[in-house]
Amino acid sequence: MRLSNTMLALVALNCSLTVSTLAQNRPNLIFILTDDQGVESIEGPYWPNEMGCVTPTLRELAKQGVSFTNCRVNPNCSPTRAALMTGRNACDTGVNGVLGRFTGGENPCTGDPLEGDGARVTNRLGLQTHEKTIAEVLRYLEEDGYYTILVDKWHLGYNEDDEDLGLLPTQQGFHVSYDWMATICEDEPREVGDEHMVDAYEWAVNVVNNRPWVEGEPMPYALFFHTITPHRRHDDGGGYLWWRVDQTLCPVSHGWWGYDPGDPNGGGNRKRFIQNVEAIDTVIQRMLRNLGVIENVENEWPYIETSNTMVFFLADNGTDDKVSSYGRNAAKNSTFEGGIKVPLFVMGEGVPGNTQNPIEDTRLINHVDFFDTIADIVGASPSERDNEYGDFPRRGISFADSIGYGSPVDPRAFSLSSYGNRVWVDDPPPAKWVDIWRVAFVWDHYKLVCNSGSVGLDDMSADEFYDLGAAGETVDLTKGYMSVEQMSAYLHMRDRLVDEWPTAVSVAHPAVPGVFTVDHFITYQGGQTYVLVAYIQNDNGEMTWVYDEFFDLTADPDREYDLLAGQMTQFETATYNQLAAEMEEMVLDGDAAPDVRVLDVPCTSYLIMRSDSSEVTAQLTLGHENVEDYGGDEVEYRARLKFEFPGTFELPPGFEWTDLVDAQIIVAFKRDSVAWNQEGYYDHDTDTGLITIHRMTTASTSDLFNSNNYETGELGLVDLPPHIIPDPPGAIRAVPMPVGAPVSFGHSEALGTLAEGWAIQTTANYGVLLKAQRLGEGANTLPGDQHVHFLKQAVLRLTFERD
């Protein structure tokens, strides 16, 4: 199949579009996103390519630009794609797992849609229409917008047959889109060929080459070539999960016709996957040549400068776990590096680098960074980036300065990836659906993996902690002994994670690892060095010296011979006694302990009030109800919380008030404004605006809506996802916020300062005010119920960190 009459008509129709002017200095943008292609399945100057894929186009393109070798995304597709579009994490957009459309059946392309509540719920978990996408930014740039094109895989929401939910790509900023579901199923898996792959690129070339013209020049274009290849298809009837592709698309033979029918899940599937990778490499080459971006000069594919085009290449997650060289449990759908670390390079207009001088950039890149990076490249103003409905915080940090655009910025310190799934477990009985929500948090050379939406505070025994610069992911430090430095890094990351993912809240004190080590050195004149290694037991913050080891580092730098296990000399004994006495004092004073400590102060007083001045005590409710056209008078709920410190508030041993770095307020989620299975959910439920904390300045409880009674400055905030469904039907992957899930408002130095004052004052404090923004005004109003309910289980968490 080639371009249909309908597609050609669509192209012709859009050629009639006009804009006011053309920005000559803005490059065309091509963003290539492949599906399930990790760093082990691509050639390039900086990728390991353990699978031996032959990708000459991608190799040569990467050589001409900047390769980012420290890029991480989510381990499955929909959450990554939502983050690319919005610059926001999965817990912000609500797109936490793979969005389904069909129940399956023998033919996944013609299977019945999800029936009843299942269909309606899953459709509302797509990328909501009030999110600002990068396609909308590009399309509606003042005076000189881009012609925006999406090719192939959207995977961020669908409309129902009888209801337009506004979730299609052409309703979220794209002029035109190529629907992969409409054509991919026309491929015959038992025959050689991949018409879908070829159709997609030919459609893209035709749309770009026939885009609208303005003042005698074609509009700048932004082509998001988000191919579904090399994602597995479905069983072709012979046990293969990847379909055969035309041999002419694969320049190097890997035994195309030598499949072993008796080994469908072994070498055969891996060969087919490699063929798909090599075929999409060929398709990308043909597409860029036909668009005039590259030319063939001795198979090096140099960039054509007159094309004024920038090319991004990225994968949405790691290689499929059925074929990855990293193993089934460390590839796609895992938070291991094989599931989240992906190839990224940028080449073309204004980008430094050339084939003789390929550039590697090791700065941390996350999937949320592309929104502001692209916005910087095209010079979008803050107002053009911001959401007209209200505050929807973006999490990205632009890396445009690394590719020749914009001013230098401080690179990100942390990278976050999230994984969500719902699995059917029947052992042990009774059978039930189990939610799996994990986040991977990378800081410098450390990596933390933990739960992200438990009922109650996270049990830290489920955490994983790795030193990527030492043993990679082969040694989980929580299952052994950490040094006090590693323990401090672990607790710091565990505490700071909530700033990126508000439901990943742990208990206040570390439960594991139960033992960590502290090194205490002494060096004598002449360089003779000894070290005492003390193993410290951590029992809910109380430190006890368990046992120790003693080494002569000058004679034994690898610490193989514990002097305590043999006969020590008089000098060694004296040295040991001196170090042991000093270590004992350090343990008693709290100095031989992690440099991070968190304490919780419970909330003792709740006051919830409606905007009509009636006091509400039943539950902690925040936000707006009956907004706009949904009947009744609009009302708002606000709350005052008070945290009473005991008369003798004790700091952790070895810490002072000067070590208090900040504080956060943590509440416990109950339910959204309308439960998904309640009458009226489909018409009434909507997003809840940004919830902020403010300092109360009076003891008066008569009016929480009078701005004279509180300060306008924010002491913390949280952006809840839309359509929170704690107990969704069937296998639907909803937001990880079950009833009782803790939600952090994030760290705040100002709140910490306020808490310190409360702790030392002798009179009662006035507490803090919690309120939610109203989303939109006038024509840009989100109608429905913009509020949320919490349990009365709030705490004020204080974070202490010492140098």
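Residues numbered from 1 in each chain as written. Predicted model: local features only at pLDDT ≥ 70, side-chain atom pairs only at ≥ 80, totals over all residues. Heavy atoms only, no water.

**Some words on the overall build of the protein chain**
- For the protein chain, the count of helices and strands is 16 helices and 33 strands.
- Counting every atom, the protein chain has about 30900 Å² of accessible surface; 47% of that belongs to carbon and sulfur. (Helix = DSSP H or I, 4+ residues; strand = E, 2+ residues; numbered from the N terminus. Areas by Shrake-Rupley, 256 points an atom, 1.4 Å probe, with all protein chains shown as cover.)

**Side note on the packing of aromatic side chains**
- Evaluated as defined, the whole model comprises 26 aromatic pairs.
- Ring centres of Trp154 and Phe174 lie 6.1 Å apart, and the angle between their planes is 85 degrees; on these two criteria the pair is classed as edge-to-face. Separated by 20 residues along the polypeptide, Trp154 in the loop between β4 (147-152) and β5 (176-179) and Phe174 in the loop between β4 and β5 bring together distant segments of the chain. Here Trp154 matches Phe174 in class, with each residue buried.
- Between Phe414 and Phe441 the ring centres are 4.8 Å apart and the planes differ by 5 degrees, which places this aromatic pair in the stacked class. On the criterion of sequence distance, the pair formed by Phe414 in strand β13 (residues 414-425) and Phe441 in strand β14 (residues 432-443) is long-range, its members being 27 residues apart.
- We classify Phe441 as buried; its relative accessible area is 1%.
- An aromatic cluster is present here, built from Phe31, Phe68, Trp154, Phe174, Phe224, Phe312, Phe370 and Phe399 joined pairwise through their rings. (Phe/Tyr/Trp six-rings, centres within 6.5 Å; stacked < 30°, edge-to-face > 60°. Buried < 20%, exposed > 50% of the residue type's maximum accessible area, 1.4 Å probe, protein only.)

**Details of the nonpolar core**
- The biggest cluster of nonpolar side chains holds 53 residues, and the ones touching the most others in it are Phe312 and Ile403.
- In this view, Phe312 contacts Ile30, Phe31, Ile32, Phe345, Val346, Phe370, Ile374, Ile377, Phe399 and Ile403; residues no more than four positions away in its chain are not counted. (Core = buried A, V, L, I, M, F, W, Y, C linked by side-chain atoms within 4.5 Å. Contact = heavy atoms within 4.5 Å.)

**A short note on the side chain of Arg422**
- Residue position: Arg422 is located in strand β13.
- Separated by 2.6 Å, the side chains of Arg422 and Asp435 make a polar contact.
- There is a polar contact of 2.8 Å between the side chain of Arg422 and the backbone oxygen of Pro728.
- Not counting the four nearest positions on each side in its chain, Arg422 is found in contact with Trp433, Val434, Asp435, Asp727, Pro728, Pro729, Gly730, Ala731, Ile732 and Arg733. (Polar contact = N/O pair within 3.5 Å; in protein donor to acceptor, adjacent residues only side chain to side chain.)

**Focus: the sheet that holds strand β15 (residues 446-451)**
- Across the sheet, four strands lie side by side as β13-β14-β15-β16; this open sheet has antiparallel pairing. Edge positions in the sheet fall to β13 and β16 (464-467), since each of these pairs with one other strand and no more. Looking at each pair of strands side by side, their axes are set apart by 15 degrees on average, direction ignored.
- In the packing of helix α13 (residues 484-496) onto the sheet, contacts are made with β13, β14, β15 and β16, and the angle to β15 comes to roughly 50 degrees. (Pairing = 2+ DSSP bridges. Axes fitted to C-alpha atoms, helices over the stretch in contact; angles between N-to-C directions.)

**Looking at the sheet that holds strand β11 (residues 359-361)**
- One open sheet accounts for eight strands, arranged β5-β4-β8-β1-β9-β10-β2-β11; its pairing is mixed. Every interior strand has two partners, whereas the edge strands, β5 and β11, have only one. Here the strands of the sheet are splayed against their neighbours by 15 degrees on average, with no regard to which way each runs.
- Across three bridges, the pairing between strand β2 (residues 66-68) and β11 is parallel.

**Digging into the confidence of the model for the protein chain**
- Residues of the protein chain with pLDDT of at least 70 account for 89%, and the chain-wide mean is 87.
- Across residues 1-23, confidence stays below pLDDT 50; counting only partners more than four residues off in sequence or on other chains, it has 42 contacts. (pLDDT = per-residue confidence, 0-100.)

**Digging into the pairing of β15**
- Across the six residues of β15, five count as buried, placing the element largely inside the fold.
- Summarising the sheet, β14 and β15 pair through six bridges and their orientation is antiparallel. In the sheet register, Val439 faces β15, and the bridge partner there is Cys450.
- Between β14 and β15, which pair antiparallel in sequence order, lie two residues; one of them, Asp444, sits at a positive phi of approximately 55 degrees.
- Pairing of β15 with β16, which is carried by four bridges, proceeds in the antiparallel orientation. In the strand pairing of β16, Tyr446 is matched with Asp467.

**A word on the environment of Met460**
- Looking at where Met460 falls in the secondary structure, it is placed in the loop between β15 and β16.
- Overall, the relative accessible area of 2% leaves Met460 in the buried class.
- As for Met460 and His509, which are separated by 49 residues in sequence, their C-alpha atoms are 9.1 Å apart.

**Things to note about a nonpolar patch on the surface**
- Together, Tyr481, Val546 and Tyr547 give the surface a local cluster of nonpolar side chains, amounting to about 290 Å² of exposed area.
- Mapped onto the elements of the fold, Tyr481 is located in the loop between β16 and β17 (482-483). (Patch = residues over 30% accessible without salt bridge, like charges linked within 9 Å, V, L, I, M, F, W, Y side chains within 5 Å. Salt bridge = Lys/Arg side-chain N within 4 Å of Asp/Glu carboxyl O.)

**Thoughts on the environment of Phe705**
- By the element assignment, Phe705 lies in the loop between β27 (691-695) and β28 (717-718).
- Classification of Phe705 by relative accessible area gives partly exposed; the value is 22%.
- For Phe705 and Ser613, which are 92 residues apart along the polypeptide, the C-alpha to C-alpha distance reads 8.6 Å.

**Considering the side chain of Asp719**
- Tracing the backbone through its elements, the reader meets Asp719 in the loop between β28 and β29 (742-744).
- You can call Asp719 buried: its relative accessible area is 4%.
- Within the structure, the side chain of Asp719 is placed 2.7 Å from the side chain of Arg88, a separation counted as a polar contact.
- Those residues within four positions of Asp719 in sequence are excluded, and the remaining contacts are Arg88, Cys91, Asp92, Pro393, Thr688 and Leu690.

**Remarks on unusual backbone geometry**
- Following Asp427, the chain continues to Pro428 via a peptide bond in cis, the omega torsion being 5 degrees.
- Following Pro429, the chain continues into Pro430 via a peptide bond in cis, with omega recorded as 0 degrees.
- Residue Asp36 is not a glycine yet carries a positive backbone phi of 75 degrees.
- Looking at where Asp36 falls in the secondary structure, it is placed in the loop between β1 (28-34) and α2 (56-63).
- By relative accessible area, which is 0% here, Asp36 ends up buried.
- Positive phi outside glycine occurs at Asn333, with the angle close to 70 degrees.
- By secondary structure assignment, the location of Asn333 is in the loop between β9 (309-315) and α10 (337-340).

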